[in-house]
Structures are given as structure tokens and as C-alpha cells.
Amino acid sequence: MRDVASERDVDSRSTVNERVVTLDVNGRTYTLRLDTRVTLLDALRDRLGLVGTKKGCDQGACGACTVHLDGRRVLSCLTLAAQAEGREITTIEGLTGADGPHPVQRAFMEHDGFQCGFCTPGQIMSAVALMAEGRAGSDEEIREYMSGNICRCGAYPNIVAAIRAVASGGGHDAHL
Amino acid sequence: MRTFDYVRATDTQEAVRLLADDPAASCLAGGTTQLDLMKDGILEPPRLIDITRLPLHGIERRGESLHVGALATMEELAAEPIVAERLPVVRESLLLGASVQLRNMATIGGNLLQRTRCRYFRDPGVAECNKRSPGSGCAAVMGAARMHAVLGVSERCIALHASDLAVALVSLDALVHIQGPTQRRTVPLTEFYITAAESPEHENVLDHAELITEVEIPLPPPTARSGYLKVRDRVSYEFALTSAAVLLVIDGGTIRQARVGLGGVGSKPWRAYEAEHVLTGAPVTTATFLDAAEATMRDAWTVPGTEFKVPLARRTLVRELQTVAGVTS
Ligand SMILES: Cc1cc2nc3c(=O)[nH]c(=O)nc-3n(C[C@H](O)[C@H](O)[C@H](O)COP(=O)(O)OP(=O)(O)OC[C@H]3O[C@@H](n4cnc5c(N)ncnc54)[C@H](O)[C@@H]3O)c2cc1C
Ligand code: SF4
Ligand code: FES
Ligand code: FES
């Protein structure tokens, strides 16, 4: 990992409001020169072309921009790209492994866990974290701990069904 | 968003010095209030000092106190076994707030310092806001008030302090440890906040160049029972209309110790001393709880949109007293 203290070096801030930022996304390292205002969400979408992460409200209210930072789910719209430096970032694109889609992705397809699909990457990132947190014990628990992800299409019953299927049906890699 | 210089501080003294050097700089913790308001154009600091790498993340029990680093997140504090065991009121106030994503970002220090959700305050198109521009008036008093306060308010400002955690912490007599450029100090959370009635623009006693380093929570007696009830417009992921933090020590049908905090009603997290006074030494009955609730909210100052909060806050308190005491009739 990079040495965080060295990031204070003046030469990593070439002009007052720009900064060279190194991001570790889905196991790859990217070095970008960014306006300090750029959020992690905009860096992912506009600079790295990782457009799976969605911009819904851009204000912390909808959960469409959910990604994992060091394994924890956070909102990329309220995180500056510079704040994510030195952290392990996982986006929806990073969930798919060598053997195809993540079990949660497959469950969303099987259970029709979406209609328009706009909220879906955020829902799935949240759902994967929810299982790692051990909070998929009941429908009630799933609903409570998924409440930060809004679905305008109202696909909630199927989203809960998809998560429940992975949590109870298990499968070898359900807790990835 | 206005442009800003981003600086990442790596030690606490350095962060404090950076703040002292620049009267317009702001610090950035989880960013869930700070960046949100910058995006709205309400806050425009020319320099942001990222404090998230400061070594203030630890949560440690020392004797009968829990010392919580200012940068511990809401999820981290809620996950502590000692919190589940001895501080259910804190755990519930945390887990009933925001969403998991936000709680993974939001820090304990930032939570105490979150800004009001008053929509006029958050709308730069609204000129009348004494909190933003002292002397300009208050759009909420004349406008659509609902998520606003009724205690510690005046016609100059009815902004609510929306933290759930802070309501639990004022009821527990938590202490705020502060570091400034030349000194450290400790302020009881009950004396940390300034009401909107006293001053709409100053919300607490923290100076510009001071950081919260730690929040200290005295552990209640092991026999205490506690809990937090939050009443809101939707079941989850919503701010409180009203809430109640309750802690009781009960001995043989009598209340030996009572702590009460009320949320959703105050321009600061509200400690309901009058209710505690009624409860202490009284029998554990619903009649006692009704008396305690009646004693609260007497100084409420309402506008048409907030009148409902007076009876709702009282009922919220009665319900939570019943739940914590295990009494239904
Ligand atoms: C959609 C949404 C829903 C929410 N729902 C709830 C809810 O139900 N209940 C609830 O209680 N809260 C809720 N919140 C508020 C949230 O809890 C706060 O925004 C959060 O706790 C702030 O912490 P932070 O670390 O993100 O602070 P930041 O946004 O980084 O900082 C907040 C302020 O405090 C200052 N600051 C931060 N840390 C320090 C420090 N250590 N010393 C000195 N100054 C400091 C910053 O300069 C800034 O002015 C919600 C927020 C959002 C966006
Ligand atoms: S209630 Fe306070 S914050 Fe809201 S508009 Fe009035 S003065 Fe501003
Ligand atoms: S886009 Fe981030 S929460 Fe809506
Ligand atoms: S599927 Fe359309 S917003 Fe959720």
C-alpha cells in the first residue's frame, strides 16, 4: 500500500485546486489529476468510465452511488475522490468474478429485483455488504438495513426476495 | 461548488494549527454534512482540512467510562459489545439514524456538529435566514415549518438540531474533549450547545480552531435499563419528528434514577430535567410517566406547522418510559 504520510508532499498538489490522486479500484491502481472538488462518484464515472455506479440524487439521499471502501458500503457522491486515496474501492464492475456474476447479481436477475435498473448497482453493492455484516437474518432485518437504497420503481418485494434467496439458499460464495 | 484547497492533516496538532492559520477553512470528517452543504452552496470554505486520517478512531473503555475517538464512525460505535451491553440507548439512537452507508462515513464528532435540516437554511435562494445571514429574518417562521424545533427557539430561528445520538448523549452526561491551538479543555455536552433563542448563528461553544478529539460517555450503573424511541414519517431512513432517550434505574417498584433526552423538539439536543425530577423517587406506573410527560414541553414556542410536536413528544416519552420500565398499564 502507499505511504499516506508522503501524500502531504507539496508537489502532489500541482496547483492550488488540483491534486494528483491515486485510486485503487477493483484491484487496479489509477493515477489521476483531479480538481479537488471531484467526488469519488464523478471520478469513477467520468474519469475511469466505470459508469455502473449511478448518480441519483448526488446528495446522500438515494443510495444509487453505493460502493465499498475497504469493504464497507459508503456513498460515493458524498466522498471526495481525494478522501478515497489509499483505500480499497470496489464498484459493481468489480463484483463479477472469473466464474461470472456475483451470486447476488444472479439472484437479482432470477427474482426480478429491478424494473428500470437504475438503482440496481447500488442495491446490489448494499446487499453484498449487508450479508457480510450479517444482517440478512429476516425480511424485516433486510428491509431495515437496505433502507438507504431507494427504488423509484418500487421493486422492493423482489429485492428482498433476491437477498433472502442468497442468504438462506446460501451457496458456497454467498458471503463474498 | 466553489473551488477549495484540499489538505490532509496527519496529526491533531497540525490540524488545529491549519485551522488557526485560516479563519475561513473548514475541517472535513465523514463529509455527510460538510460536502452536502458545500454542494448546495451554503458552505464555501476556500480550504478543506481532511481530518479523517488523524489518530482519533479508537473506542476504549477506561474504568466506568467509554472513550470514543471523534473519528470513530456511527457504525463502529454501534457495533461495540460494551455499547450493546451497557448503553442500549446509544446503540438504538445510532442504528435508527440515517442509513448504513451514511453511518459508515459519519463520525461521532461530526454527528454532534451536524447542521440543521431546515430547508430554508439549505436553500441559497432563500434570503431570510438568521442562521446564515444574521439579521435577515427567518423564512421558516412564516413558511412551511414541520421538521423544526419548539424548545430553545424564538421568532428569530426555529432550526432543529437533528442528531439522534446527541439526544442520547446529553441524557447520559457525556463529555466533549476539545483540543485548540494552545490548550485542551473538556465541556459537558449539556453545556456544549447554544440554543437558537440565544443565538441563531452560533450553535455551540467550539472555537474555529478547536477540534473535538473525543467523546467520553460515563457508563450508567449495570442495573440501568435504557432505550431510544424515534417517531418519524417513514419507518426507516428518516429524521425524527419526535424522539425520546430514556434511562431508568428501578428498585422494588420505585424509580431510583431517571435520565431523559428529547429529540425532534429542540434547537439543541434537549435534556428534560423536569421529567427526571418527576420520575425520581416515584412509583413505576403509567400515571407517573404521564405526569413526567406533562411536566415537559411547557416552554414550547410553536408555529402552526409545529404545534403537533407538543402532544406527540409527550406521548413519545410516555411510550418509551413504558417500554424501558416494562410497564404497560
Ligand atoms: C440523508 C441523510 C440522513 C441522515 N439521517 C440522520 C438521522 O436520522 N439521525 C442523525 O442523527 N443524523 C442523520 N444524518 C446526519 C449525519 O449523521 C451527519 O451528517 C453526520 O453524523 C456528520 O458526520 P460527518 O463525519 O459526516 O461530519 P462532516 O460532514 O464531515 O462534518 C460536519 C461538521 O462538523 C465539523 N467537524 C467534523 N468533525 C469535527 C471534529 N472532530 N472537530 C471539529 N469539527 C468537526 C465539520 O467541519 C463540519 O462543519 C443524516 C444525514 C444525511 C445526509
Ligand atoms: S429556522 Fe433558523 S435556519 Fe431555518 S430559515 Fe429560520 S433562521 Fe434560518
Ligand atoms: S447519488 Fe449518492 S446517495 Fe443518491
Ligand atoms: S428499478 Fe427503477 S429505480 Fe429501482
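Residues numbered from 1 in each chain as written. Chains lettered and ligands numbered in written order. Predicted model: local features only at pLDDT ≥ 70, side-chain atom pairs only at ≥ 80, totals over all residues. Heavy atoms only, no water.

Named according to an unreviewed UniProt entry, chain A is (2Fe-2S)-binding protein originating from Streptomyces lannensis.

### Some thoughts on the site of ligand 1
Residue and element names in this part refer to chain B. Near ligand 1 you find 33 residues, and of these Cys27, Thr32, Thr33, Gln34 and Thr107 are the closest. Here an oxygen atom of ligand 1 sits 2.7 Å away from a polar atom, N or O, in the main chain of Gln34. A total of 970 Å² of accessible area belongs to ligand 1 in isolation, and the protein chains cover 94% of it. Where the shell around ligand 1 is concerned, the elements lending two or more residues are strand E2 (26-28), helix H7 (108-112) and strand E8 (211-218). Of the residues assigned to the shell around ligand 1, the class counts are 16 nonpolar, 12 polar and 5 charged. Counting contributing residues, the shell around ligand 1 receives three or more from each of domain 1 (5-49) and domain 2 (225-325). (Near = heavy atom within 4 Å. Polar contact = N/O pair within 3.5 Å; in protein donor to acceptor, adjacent residues only side chain to side chain. Areas by Shrake-Rupley, 256 points an atom, 1.4 Å probe, with all protein chains shown as cover. Helix = DSSP H or I, 4+ residues; strand = E, 2+ residues; numbered from the N terminus. Nonpolar A, V, L, I, M, F, W, Y, C, P; charged D, E, K, R; others polar. Domains from an automatic or database assignment.)

### Re the domain arrangement of chain B
Domain boundaries assigned for chain B yield domain 1 (5-49) and domain 2 (225-325). Using only C-alpha atoms to locate each centre, domain 1 of chain B and domain 2 of chain B end up separated by 36 Å.

### Brief notes about helix H1 (residues 40-47) of chain A
Residue and element names in this part refer to chain A. Of the residues making up H1, those classed as buried are Leu40, Leu41, Asp42, Ala43 and Leu44. Tucked inside the fold, the buried residues of H1 contact strand E1 (18-25), strand E2 (28-35), strand E3 (66-69) and strand E5 (88-90). Note on H1: the residue one or two positions beyond its end, Gly49, has a positive phi of about 70 degrees. (Buried < 20%, exposed > 50% of the residue type's maximum accessible area, 1.4 Å probe, protein only. Contact = heavy atoms within 4.5 Å.)

### Details of the pairing of strand E1 (residues 5-8) of chain B
Residues and elements named next belong to chain B. Of the two faces of E1, the one carrying Asp5 and Val7 and the one carrying Tyr6 and Arg8 are both buried. Bridge count for E1 against strand E3 (residues 47-50) is 4 bridges, and the pairing is parallel. Paired with Val7 across the bridge in E3 is Ile49. (Pairing = 2+ DSSP bridges.)

### Brief notes about helix H2 (residues 103-110) of chain A
All names here are of chain A. Within H2, burial applies to Pro103, Val104, Gln105, Ala107 and Phe108. Looking at the buried positions of H2, the neighbouring elements they touch are helix H3 (120-132) and helix H5 (156-169). Where H2 terminates, the next one or two residues include Asp112, which has phi positive at roughly 50 degrees.

### As for the confidence of the model for chain B
For chain B, mean pLDDT is 97; residues scoring 70 or higher make up 100% of the total. Here the prediction assigns the complex a pTM of 0.95, and the interface score ipTM is 0.96. (pLDDT = per-residue confidence, 0-100.)

### Quick word on empty space enclosed by the protein
Residues and elements named next belong to chain B. Here the structure, examined in full by the defined rule, presents 5 cavities of 30 Å³ or more. Of the voids in this model, the largest cavity is the one considered here, and its volume is about 100 Å³. If you go around the largest cavity, you meet 16 residues; those closest to its centre are Lys131, Leu160, His161, Glu203 and Ser267. Residues that form the lining of the largest cavity fall into these classes: 6 nonpolar, 7 polar and 3 charged. What the second largest cavity holds in volume is close to 80 Å³. (1 Å grid on protein atoms, 1.4 Å probe; cavity = no way out; pocket = protein on both sides within 12 Å on 5 of 7 lines; lining within 4 Å. Points joined across faces, edges and corners; volume = space filled by probe spheres on them.)

### A closer look at the packing of aromatic side chains
Summed over the entire model, instances satisfying the criterion amount to 1 aromatic pair over all chains. Where Phe192 of chain B meets Tyr193 of chain B, the ring centres are 5.2 Å apart and the plane angle is 85 degrees; that geometry is what we call edge-to-face. Classification of Tyr193 of chain B as buried rests on a relative accessible area of 6%. The ring centre of Tyr145 of chain A lies 4.1 Å from the NZ or CZ of Arg135 of chain A, which sits over that ring. The ring of Phe308 of chain B has Arg146 of chain B sitting right over it, with the charged end atom 4.9 Å from the ring centre. (Phe/Tyr/Trp six-rings, centres within 6.5 Å; stacked < 30°, edge-to-face > 60°. Lys NZ or Arg CZ within 6 Å of the ring centre and 35° of its normal.)

### Section: the domain arrangement of chain A
Residues and elements named next belong to chain A. You can read the domains of chain A as domain 1 (2-94) and domain 2 (103-174). Counting from both sides, the interface comprises 15 residues of domain 1 and, opposite them, 15 residues of domain 2. At the boundary of domain 1 with domain 2, total buried surface from both sides reaches about 1200 Å², with 59% on carbon and sulfur atoms. The largest per-residue losses of area from domain 1 upon contact with domain 2 belong to His68, Arg73 and Ile92, which jointly make up 49% of the total buried on that side. At the junction of domain 1 and domain 2, the tally comes to 1 salt bridge. Our count for the domain 1 to domain 2 interface comes out at 6 residue pairs in polar contact (both at pLDDT 80 or more). It is E3 that contributes the most residues to the side of domain 1 that touches domain 2, 3 residues altogether. (Buried area = accessible area lost by both parts, 1.4 Å probe. Salt bridge = Lys/Arg side-chain N within 4 Å of Asp/Glu carboxyl O.)

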